[in-house]
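# Structural characterization, general
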Amino acid sequence: MRAPKNSSAAALVGIWTILMIVFVISVLYVGRELLIPLALAALITFLLAPLVSRLERGIGRIAAVLIVVAMLFGVLATAGWLLTRQILDLGTRLPDYQTNIEAKLHSFRMPTGGAFIRFQKSIEQLRKELPGTGTPGTAGPAKNSVNARSGAANAPPMPVRIVDSHSEVPQLLQTTVSAVLSPLGTAGLVLLLVVFMLLKREDLRGRLIRLIGQGHISETTRAMDDAGQRVARYLSMQFLVNTGYGLLISIGLYYIGVPNASLWGAFAAVMRFIPYIGPWIGAAIPLLLSLAVSNSWLTPIYTLSLFGVLELINANALEPWLYGASTGVSSLALIVAAVFWTWLWGPVGLLLSTPLTVCVTVMGRHVPRLHFLSVLLSEEEALSPAEECYHRLLTLSLNQANDLAETFLKGNSLTALYDTVLLPVVSAAEVDVQRKALEVEERTTIYDNLADMIEDFGARPATLSKLEADKSIAEATATTASAPTCRVLCLPARAQRDELAGQMLAQLLRQQNFEAESASATLAQGELVEHAAKSDCEAICVSVIPPSTLVHARYLTAKLRARLPDVKIVVGFWGATENMADAAQRVRVSGADEVVVSLAEAVMQMSKFSVVIMDEMAAAPIPEDEEERIKQLAALQVLDTPNEVFFDRRTARLASFFQVPIAFITFIDRERQWFKSQVGLPNDLAQAGATSRALSVCGHMVANNEMLVVEDIARDRRFANNPLLKERGVRFYAGVPLRVNKLAVGSICLLDVRPRKFSEENKRLLQLMADEVMDELNQRLPAMVAVKTDHNGVD
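Let us look at the structure shown here.

## As for unusual backbone geometry
Residues other than glycine seldom take positive phi values, yet Gln659 does so here, at roughly 55 degrees. Inspection of the secondary structure assignment puts Gln659 in the loop between α27 (645-658) and β6 (662-668). At Asn741, a residue that is not glycine, the phi angle is positive and equals roughly 55 degrees. One can find Asn741 in the loop between β10 (732-740) and β11 (743-752).

## A few points about the sheet that holds strand β2 (residues 515-518)
On the basis of which strands lie adjacent, the open sheet formed by five strands has the order β2-β1-β3-β4-β5 and parallel pairing. Edge positions in the sheet fall to β2 and β5 (594-596), since each of these pairs with one other strand and no more. Shown here is a sheet whose adjacent strand axes are inclined to one another by a mean of 20 degrees, direction ignored. Across the sheet, helix α22 (residues 525-534) touches β1 (487-492), β2 and β3 (539-544), and the angle it forms with β1 is around 175 degrees. This element, helix α24 (residues 580-589), spans β4 (568-573) and β5 of the sheet and lies at about 145 degrees to β5.

## Structural notes on the side chain of Glu311
Turning to its location among the elements, Glu311 is positioned in helix α12 (residues 298-323). Using a relative accessible area of 13% as the deciding quantity, one classes Glu311 as buried. Side chain to side chain, Glu311 and Arg272 meet in a polar contact 3.2 Å long. Among all residues touching Glu311, those that are not within four sequence positions of it are Tyr245, Arg272, Pro279 and Trp280.

## Comments concerning the pairing of β10
Each regular strand shows side chains that alternate between the opposite faces of the sheet. Along β10, eight of the nine residues are buried, which leaves the element largely enclosed by surrounding structure. Where strand β9 (residues 708-710) lies against β10, three bridges are found, and the strand directions are antiparallel. If you follow Val710 over to β10, its bridge partner there is Tyr733. Here β10 pairs with β11 via nine bridges, running antiparallel. Opposite Val740, over in β11, you have Leu743 as the bridge partner. Between β10 and β11, which pair antiparallel one after the other, the connecting turn spans two residues, and Asn741 there sits at a positive phi close to 55 degrees.

## Focus: the packing of helix α23 (residues 550-563) against α24
The angle between the axes and the distance between the axes are what describe a pair of packed helices. Running from N to C, α23 and α24 point in directions that differ by 25 degrees, and their axes come no closer than 9 Å. Considered as vectors, α23 and α24 are oriented roughly parallel to each other. The chirality of how α23 crosses α24 is right-handed. Of α24, the residues touching α23 (which contributes Leu550, Arg554 and Thr557) are Ala583, Arg586 and Val587. When the residues that make up the contact of α23 with α24 are grouped by side-chain class, the tally is three nonpolar, one polar and two charged.

## Description of the environment of Ile25
Relative to the helices and strands, Ile25 resides in helix α1 (residues 2-30). Given a relative accessible area of 27%, Ile25 falls into the partly exposed group. Sequence separation of Ile25 and Leu344 is 319 residues, and the distance between their C-alpha atoms is 8.3 Å. The residues touching Ile25, leaving out its near neighbours within four places in the chain, are Phe340, Trp343 and Leu344.

Parameters at a glance
Residues numbered from 1 in each chain as written. Predicted model: local features only at pLDDT ≥ 70, side-chain atom pairs only at ≥ 80, totals over all residues. Heavy atoms only, no water. Helix = DSSP H or I, 4+ residues; strand = E, 2+ residues; numbered from the N terminus. Pairing = 2+ DSSP bridges. Axes fitted to C-alpha atoms, helices over the stretch in contact; angles between N-to-C directions. Contact = heavy atoms within 4.5 Å. Buried < 20%, exposed > 50% of the residue type's maximum accessible area, 1.4 Å probe, protein only. Polar contact = N/O pair within 3.5 Å; in protein donor to acceptor, adjacent residues only side chain to side chain. Parallel < 35°, antiparallel > 145°, perpendicular 65-115°, else oblique. Left-handed = near helix turned anticlockwise from the far one by under 90°. Nonpolar A, V, L, I, M, F, W, Y, C, P; charged D, E, K, R; others polar.

Pasting the structure below:
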């Protein structure tokens, strides 16, 4: 039963809005005689207020207002005097131009055989054939005179009225005086209103806030400030542009040779305050005058070119640059507004159309009930990028959605695209499904298209960060080559929408060199927990997009924490803004370490976790066959022995063949790593001849008893914070265990101070070189054992 109630309420609101608009338009039309002076005074007040504010700091408000008004009077009086002189001068010169005018008129002659002349003759012939027009011929005049006499005899007598010529003089005088005094009276009223508005502008501002705001002081204040700033900047820039325009017109007309150039420059500047038609009205009279004063067509052509070029420069370069977004009104809205205000208030409405439309647009931006005005008039995009993308996906236009994303990526990063466009699209689709406005099949199609877009973007190189959030990511993730990372698993809280968000996050993390994976939403929560346990991840992010709820996130988080007590857990409520403090607290109680609301924040948080995870160095583990391995190493009797040519040649060949600065053959004792042969080791290590086993990479390799290649040590969680490697800038490691009786007793290794790739072919060659050393060691072992047995027998 709620739907009819809501529909009725919506209908009443619509009717109320229409009635209110009709009422406002009626008031504006009926009260135009009063409202026009008020609007003009308000605009002049906007223009003069900044100057008054500066002057009143030193001399007080009253003196500042009087000085500014006096300056305005002086400027207007001077301009009026100069223009009057120019007009009188023009009047005295006009008779001199009569010859040129007649020559120009005679030059416009119609061709005798033209189509227009033939059409004109046809019309004239038809007119003569009409009844009552008479027929040509000699009898015509006589017949016409007879008809005239008979008509005069039959016509009724005309009334005779005595007219007093003296009575027409007061009526003419009254009409003239009214035509002159009415504008002067309006101007005087406007000037008086300007003075009082400048004196009482704070008081007027407060009364307007109280009248319009009705308790919403902050919103009303912001709206009035916004409108005031936009209108003041628009008027100031328009005044500067038009003044410069008039000055350039005056100079150009002077050099072209048009008389009274300063008069027409000022006239053009004033006319340009009238939108659209004003500039061409200002150009019409100088153009006609140039036709009159010139013996050729060059002067009119130069005059027209001057106005055309300056208008093109102003309209396409200066005004967009200087006005910028000061109006905040679209071009189409300005044209429609000009027509509306002209219809409502006449020529003055055309002059006031832009400032008034700016004020109306600002009201629509700040007053919720008038938001439709902002949608209709504002220059802002009708749909946000997310809404436009959703609209294109609804129309099953994947190519258009891709084009929109491509355009967005030209000025923004991939993180911004996911956070501000694609995630809101997922949320909007879910909301529409809940409202029964979208079919489940349509939602599935949208999700499939989004998955295709995400996969496509993932194959591209990372774009530069443009937003503040992305800059924070760049700072937090330390995108230099030495940044450590960790393994991250993205889990959906419940449905496919959560899986899509997880795919976006995993892709962004991989671009930051994390090992990231996204789990499927088809898995049950128990299966998700088992998957997390088997993945050996170090951090987990649980994705939540409404209508997935806090309950789903808490339930999954609690299970994960119980199964994986040492793993870092982040819960992402993507796009959420309300009640986050309470939700974050409840999720943390369930076991989450952090709560985030955007993918950018999630990447930052994972970067912080990776630093914590890598903070402690992973010591070399001890293998289970440690005692047997130590016995075999002792049997070799290679520890603390002098250099041997066989081993030195192998290390030299290793360094030369693989083009590395450091190569060595080492043996792992119980507590130390001892260098049998080396090339390129730092002096301190070369002199010591050994390092701690716990700090050695070879210790890890020997424990696993298999080849180990680390292409970038700084990005390996085991060695990123190894002090022995960090102090010496070691970045690359490749080693093969040296086995005796299948037990790893040492290694043959390569080191480099820069990361590098190590191909399968390189691994095979390194293994071959290690086999040579192992053959030598295995050949030595039986002889040593035999010598020791014979010696014991003699004893």
